[in-house]
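Observations on the model geometry
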Amino acid sequence: MERSVPNVEYDPDQFPGLIFRLETPKVTSLIFKSGKMVVTGAKSTEELIKSVKRIIKTLKKYGIKITGKPKIQIQNIVASANMHVHVNLDKAAFLLENNMYEPEQFPGLIFRMDDPRVVLLIFSSGKMVITGAKREEEVYKAVKKIFDKLNELDCIKQVEEEEELEI
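Along each chain, the written sequence defines residue order, and numbers are assigned to residues from 1. For this predicted model, a pLDDT threshold of at least 70 governs which residues receive local features, and a threshold of 80 or more governs which side-chain atom pairs are given and counted, while totals over whole chains, interfaces and linings are taken from all residues. Values reported for side chains reflect all heavy atoms of the structure, with hydrogen atoms and water molecules removed beforehand.

Counted only if it meets this: UniProt positions are given in the numbering used here, feature names are shortened, and annotations may be inferred rather than shown by experiment.
For the protein chain, the name recorded in an unreviewed UniProt entry is TATA-box-binding protein, with Candidatus Acidianus copahuensis as its organism. Its UniProt record gives the protein chain a comment under Function (unreviewed entry), which states: "General factor that plays a role in the activation of archaeal genes transcribed by RNA polymerase. Binds specifically to the TATA box promoter element which lies close to the position of transcription initiation." In its Sequence similarities (unreviewed entry) section, UniProt records this for the protein chain: "Belongs to the TBP family."

Written out as structure tokens, the structure reads:
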């Protein structure tokens, strides 16, 4: 009797890949016939590597032949950050290059940074989403760089402590 791999969905009429969900670390993997795999949900590079190893080990345990060593390539890191300041988005939109800000459409300013090559969604609350990084260090560099730039352009205001506590 053939045992099926747990936490796996495969419906080729709906999607050409196999969907494999891991509980720990909590990630989802899309595995294709070509042998390529897309893993989403890892919280760090270390967690990604651990996930790939666990997926391969599980597949092997269920009799799936895997040859060679996996080549892990990070395509896109998505991160969030909080600068703990208020950002004047109207002023920032006017002074920053490579940005899009249409508050009627979307409440955040979209800023395309060249070095590192990332896209930042910046909100007036000082919170932001950083996407497009290939390495974790690029996220930290982008956050520091945009904070310094917004500060230099006088687009940020410190949040009062009571305000930040949201009582």
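On we go.
**A word on the packing of aromatic side chains**
The relation between two aromatic rings is expressed through the spacing of the ring centres and the mutual angle of the planes. The cut-off we apply is this: Pairing of aromatic side chains requires ring centres within 6.5 Å, counting the rings of Phe and Tyr and the six-membered ring of Trp. Pairs whose planes differ by under 30 degrees are stacked, by over 60 edge-to-face, and all others tilted. Where helices and strands are cited, they refer to DSSP runs of H or I of at least four residues and of E of at least two residues respectively, numbered from the N terminus.
In the structure shown here, the tally under the stated rule is two aromatic pairs. Each ring, one from phenylalanine 106 and one from phenylalanine 123, has its centre 5.7 Å from the other, and the planes form 65°; the classification is edge-to-face. Pair noted here: phenylalanine 106 is in the loop between β7 (99–100) and β8 (109–113) and phenylalanine 123 is in the loop between β9 (118–122) and β10 (127–133), with a separation of 17 residues, a long-range link.

**Describing the side chain of glutamate 138**
For clarity, the threshold we go by: Under this definition, polar contacts are N or O atom pairs within 3.5 Å; protein pairs additionally need one hydrogen-donor-capable and one acceptor-capable atom, and for neighbouring residues in sequence, both atoms have to be side-chain atoms. For this analysis, residues touch if any pair of their heavy atoms sits within 4.5 Å.
As for its placement among the helices and strands, glutamate 138 is situated in helix α3 (residues 136–152). Here lysine 134 takes part through its backbone nitrogen, which lies 2.6 Å from a polar atom of the side chain of glutamate 138. Once you skip the residues sitting within four places of it in the chain, glutamate 138 turns out to touch Pro116 and Ala133.

**A closer look at the pattern of salt bridges**
Definition in use: When a carboxyl oxygen of Asp or Glu lies within 4 Å of a side-chain nitrogen of Lys or Arg, that pair is called a salt bridge. Each residue is assigned to one of three classes by its accessible area relative to the maximum for its type, calculated with a 1.4 Å probe on protein chains only: buried under 20%, partly exposed between the two thresholds, exposed over 50%.
Across all of its chains, the model carries seven salt bridges by this definition. Two residues, lysine 141 and aspartate 115, come together in a salt bridge whose shortest N-O distance is 3.3 Å. Linking lysine 141 in helix α3 with aspartate 115 in the loop between β8 and β9, this pair joins segments that are 26 residues apart in sequence. Classification of aspartate 115 by relative accessible area gives partly exposed; the value is 43%. In this structure, lysine 144 and aspartate 148 form a salt bridge, with 2.7 Å as the shortest nitrogen-oxygen distance. Here lysine 144 and its partner aspartate 148 are both found in helix α3, four residues apart, which amounts to about one turn of the helix.

**Observations concerning the domain arrangement of the protein chain**
Put simply, the rule reads: Segmentation of the chain into domains, including their bounds, is taken from an automatic or database domain assignment.
When the domains of the protein chain are assigned, the result is domain 1 (8–62) and domain 2 (77–158). Centre-to-centre, using C-alpha coordinates, domain 1 lies 32 Å away from domain 2.

**As for the sheet that holds β10**
Rule in force here: A pair of strands counts as paired when DSSP detects no fewer than two bridges linking them.
Strand order in the open sheet formed by five strands is β5-β10-β9-β8-β7, and the pairing between neighbours is antiparallel. The open sheet terminates on both sides in strands that have one partner only, identified here as β5 (77–82) and β7. Strand direction decides the pairing type here: β7 and β8, joined by two bridges, are antiparallel. Within β8, the residue paired with methionine 100 across the bridge is isoleucine 110.

**Things to note about the sheet that holds strand β4 (residues 37–40)**
Either a parallel or an antiparallel arrangement is found when strands of a sheet pair, and the pairing is made through backbone hydrogen bonds. The line we're drawing: In this analysis an axis means a line fitted to C-alpha atoms, helices contributing only their contacting stretch, and an angle means the value between N-to-C directions, from 0 to 180 degrees.
On the basis of which strands lie adjacent, the open sheet formed by four strands has the order β1-β2-β3-β4 and antiparallel pairing. The sheet is open, and its two edges are formed by β1 (8–9) and β4, each paired on a single side. In this structure, β1 lies alongside strand β2 (residues 18–22), joined through two bridges in antiparallel fashion. Following the sheet pairing, valine 8 is matched in β2 by phenylalanine 20. Running at roughly 115° to β2, helix α1 (residues 45–61) makes contact with β2, β3 (27–31) and β4 of the sheet.

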